[in-house]
Amino acid sequence: MDSHPRVATFQMKEQIISILADKIPSLTREEIAELIEIPPNPDMGDYAFPCFRLAKSLRKAPPMIAAELQAAIETPDFVQEIRVAGAYLNFYLKKDAFAKTMLDQARDPKLGSSEEGNGHTICIDYSSPNVAKNFHVGHLRTTIIGNSLYKIYSKLGYHVERINHLGDWGTQFGKLIVAYKKWGSEEDVRSKGIEELMRLYVLFHQEADKDPALEDEARFWFAEMERGNEEALSIWQWFVEISLEEFKRTYKLLGMEFDHYTGESFYRDKTDDVVKRITDAGLLTESEGAKIVDLEAYDMAPCLILKNDGSSIYATRDLAAIFYRKENYNFEKCLYVTGQEQKLHFRQVFKVVELMGNEWAKDGLVHIPYGLVSLGGEKLSSRDGNVIFAEDILLEAISKVKEIIEQKNPSLENKDEVAKYVGVGAVIFNDLYNQRIKDVSFRWEHLLNFDGETGPYVQYTYARCSSILRKVADYDPAADADVSFLTDEASLGLLKELCRFTAVVKEAANRFEPSVVARYSIAVAQAFNHYYTVNRINVEDAAERNARVLLVDITRRVLRESMDLLGITCVEQM
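Heads up: these notes are all about the structure in this document. Quantities reported herein were computed from a predicted structural model and do not represent experimental measurements.

Side note on the pattern of salt bridges
Stage number 1. Using the criterion set out here, one finds 39 salt bridges in the structure.
Stage number 2. Two residues, Lys-23 and Asp-22, come together in a salt bridge whose shortest N-O distance is 3.9 Å.
Stage number 3. The closest approach of N and O atoms between Glu-31 and Arg-53, which form a salt bridge, is 3.0 Å. Here Arg-53 lies in the loop between strand 1 (47–50) and helix 3 (54–58) and Glu-31 lies in helix 2 (residues 29–35), a separation of 22 residues in the sequence.
Stage number 4. On the accessibility criterion, Arg-53 (43% relative accessible area) is partly exposed.
Stage number 5. What you see here is one network of salt bridges that share partners, running through Lys-155, Arg-557 and Glu-561.

Examining helix 22 (residues 515–534)
Stage number 1. Under the 1.5 Å per step criterion, the end-to-end length of helix 22 is 29 Å for 20 residues, consistent within 8% with the ideal 28 Å.
Stage number 2. The buried count for helix 22 comes to 14 of 20 residues, which makes it a mostly enclosed element.

Digging into the sheet that holds strand 4 (residues 121–125)
Stage number 1. If you walk across this open sheet you meet the 4 strands as 5-4-9-10, and the pairing is parallel. Two strands in the sheet have a free side with no partner beyond their single neighbour: strand 5 (159–163) and strand 10 (365–370). This sheet shows a mean twist of 20° between the axes of neighbouring strands, independent of strand direction.
Stage number 2. Pairing between strand 4 and strand 5: 5 bridges, direction parallel. In the sheet register, Cys-123 faces strand 5, and the bridge partner there is Glu-161.
Stage number 3. On top of the sheet, helix 14 (residues 343–355) reaches strand 9 (333–339) and strand 10; it is set at about 180° to strand 10, its chief contact.

Quick look at the side chain of Glu-391
Stage number 1. Tracing the sequence through the fold places Glu-391 in helix 16 (residues 390–408).
Stage number 2. We classify Glu-391 as buried; its relative accessible area is 17%.

Description of the sheet that holds strand 6 (residues 284–287)
Stage number 1. Sheet architecture is open: 3 strands sit in the order 6-7-8, paired in antiparallel fashion. Because the sheet does not close on itself, it has two edges, and the strands there are strand 6 and strand 8 (303–306). Adjacent strand axes in the sheet meet at a mean angle of 45° when their direction is disregarded.
Stage number 2. Relative to strand 7 (residues 290–293), strand 6 runs antiparallel, the two sharing 4 bridges. Residue Ser-287 lies in a different strand from strand 7, and its bridge partner there is Ala-290.

Considerations on the packing of aromatic side chains
Stage number 1. In total, this model carries 27 aromatic pairs according to the counting rule given.
Stage number 2. Aromatic side chains Tyr-180 and Phe-239 sit 5.9 Å apart centroid to centroid with 90° between the ring planes, which places their arrangement in the edge-to-face category. You can see Tyr-180 sitting in helix 7 (residues 171–183) and its partner Phe-239 sitting in helix 11 (residues 230–254), a full 59 residues away along the chain. Each member of the pair, Tyr-180 as well as Phe-239, carries the same accessibility label: buried.
Stage number 3. Through a chain of ring-to-ring contacts, three or more aromatic side chains come together here, namely Tyr-126, Phe-135, Phe-247, Tyr-251, Phe-258 and Tyr-261.
Stage number 4. We note Lys-248 situated over the ring of Tyr-261; from NZ or CZ to the ring centre the distance is 4.8 Å.
Stage number 5. Over the ring of Trp-360 we find Lys-326, and its NZ or CZ is 4.9 Å from the ring centre.

Section: helix 9 (residues 194–210)
Stage number 1. If you check helix 9, its first and last C-alpha atoms are 25 Å apart, about what 17 residues at 1.5 Å a residue would give, namely 24 Å.
Stage number 2. When we look at burial in helix 9, the residues that qualify are Ile-194, Glu-196, Leu-197, Met-198, Leu-200, Tyr-201, Val-202, Leu-203, Phe-204, His-205 and Ala-208.
Stage number 3. Next to the buried residues of helix 9 lie helix 7, helix 8 (186–192), helix 10 (213–227) and helix 11.

Quick word on unusual backbone geometry
Stage number 1. The phi dihedral of Asn-330 falls on the positive side, at around 50°, and the residue is not glycine.
Stage number 2. By secondary structure assignment, the location of Asn-330 is in the loop between helix 13 (314–329) and strand 9.
Stage number 3. Even without a glycine there, the phi angle at Asn-414 is positive, about 55°.

Quick word on the state of the cysteines
Stage number 1. This structure, assessed with the given rule, holds 0 disulfides.
Stage number 2. Take Cys-303: it sits in no disulfide, and the sulfur closest to it among the cysteines is that of Cys-334, at 16 Å.
Stage number 3. Here Cys-303 falls in the buried class, since its relative accessible area comes to 1%.

Section: the nonpolar core
Stage number 1. Formed by 161 residues in total, the largest nonpolar core has its most connected members in Leu-20 and Phe-49.
Stage number 2. In terms of residue count, helix 11 provides more of this core than any other element does, 13 residues in total.
Stage number 3. With residues near it in sequence (within four places) discarded, Phe-49 still touches Leu-20, Ile-24, Leu-27, Ile-32, Leu-35, Ile-36, Leu-54, Leu-69, Ala-87, Tyr-88 and Leu-89.
Stage number 4. Val-274, Cys-303, Ile-313 and Leu-319 belong to the second-largest nonpolar core, a separate cluster that totals 32 residues.

Digging into the side chain of Arg-317
Stage number 1. Position of Arg-317 relative to the elements: it lies in helix 13.
Stage number 2. For Arg-317, a relative accessible area of 2% gives the class buried.

Conventions we followed
Residues numbered from 1 in each chain as written. Predicted model: local features only at pLDDT ≥ 70, side-chain atom pairs only at ≥ 80, totals over all residues. Heavy atoms only, no water. Salt bridge = Lys/Arg side-chain N within 4 Å of Asp/Glu carboxyl O. Helix = DSSP H or I, 4+ residues; strand = E, 2+ residues; numbered from the N terminus. Buried < 20%, exposed > 50% of the residue type's maximum accessible area, 1.4 Å probe, protein only. Expected span 1.5 Å × (residues − 1). Pairing = 2+ DSSP bridges. Axes fitted to C-alpha atoms, helices over the stretch in contact; angles between N-to-C directions. Contact = heavy atoms within 4.5 Å. Phe/Tyr/Trp six-rings, centres within 6.5 Å; stacked < 30°, edge-to-face > 60°. Lys NZ or Arg CZ within 6 Å of the ring centre and 35° of its normal. Disulfide = S-S within 2.5 Å. Core = buried A, V, L, I, M, F, W, Y, C linked by side-chain atoms within 4.5 Å.

Everything listed here is a matter of geometry and, on its own, says nothing about what the molecule does.
Below is the structure:
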């Protein structure tokens, strides 16, 4: 077919690195490799080397350095041309050789995967709803982000421990016990479940505003829980069981599981050891009857370890959890996916661990904050009862997708299953598409749009790929492909996107940012739909058909795997 060397894309890049390293002794091969870019526009070449970094050491303007490098380099046989564009040295590869090498890379079943995490463990603390409160739409963010990070790190070979650190201990349970004893009944709690617990919780705060003594009663009952009072613990355990039943129903709808439901209560018999360790480290001091670690030297408020009545606080239990996880899982990193309003709390806790002489705390403990969730821009709160339940949002999304299917494809098989995966996927994608630190708003007209940068758009593109593959009878995925049919701009553009998959997964992991994968899936879908628009796929010529269908097959796999990294299941028909 072509006379050009059929080296892998990786080898092409390595050869360009070698060429540059020979002419730039001030940079190592690794530094050159980090600087090389794939330009966003094919008119700017296939690889680009920016010369900004060399300006200081060579005392020359970057465009001049680029021009001198161009003059000094002998064009290798797999490169069509080397051009200077401002401060960039752009390499244009011969199209057939480039298409062949990219196709070889894209066909690799390990594309997107890595073994870098082999032998290493990462703990992810996420979801962690408060017991006796509804799993509301605000909890979706930590759950969705944490689940995606679990899948991303698993893809890179890490062993991941998925931990649901339930909010199942604390003064709020003293409040609930008071409310239950004063205004509740066993019959109402049994019949209405968490709905009744929420009513009692809201009622407590309304009554406590009028009678502050109720807060003292709540503190008393929580202290009784800590002392092992049988009645208090029995009521508390009942509330936990009711809550877990509801949480697990929502997780099932999301298609998510956890390795551990070890909430705050799990660590209550481990806090004494933490207090002893902090004391032994000379860090514990008294302040107004409470025990604290003074963090003034680090521009932080003190970290409260024991309240003045001697009861523990969630910081104490977070410290106990860190040491338990380190000793039992030997994690490389422990990630905490919570709202950004908890930023100070985790800075304090992590600093205490470090001050206790644990150097691994500096890089091994990571808070991953995210923005607020709203409907119509209104913040959600469980205290005043202004709550939108996560399950309701998901069921509403499923219902709306079902309506769209009934309008556009009423004869579709498995309509309920398709509506579930597309509806739930739309909610997840809407959350993960934007950077996690940004606020998220649920707007149905956007997140269920089949033409926008949405989950349904990617789902539809995947289904289109599946439809094409079903219609081609004699496609052989193992056959050699004639890449002369894949040198047009649309085919090369799609191949470039597909070959980015591994780098995208690594970037998402390094930045703790699933949006990198979500945006990548949109880029692949857009590149494929352009490819599909300008090229006929199921043509008469067998060689051309096989090459073009092979690209459809690879796209389908990459879309499925990238969506799986977000926690979304693709459907074969829509």
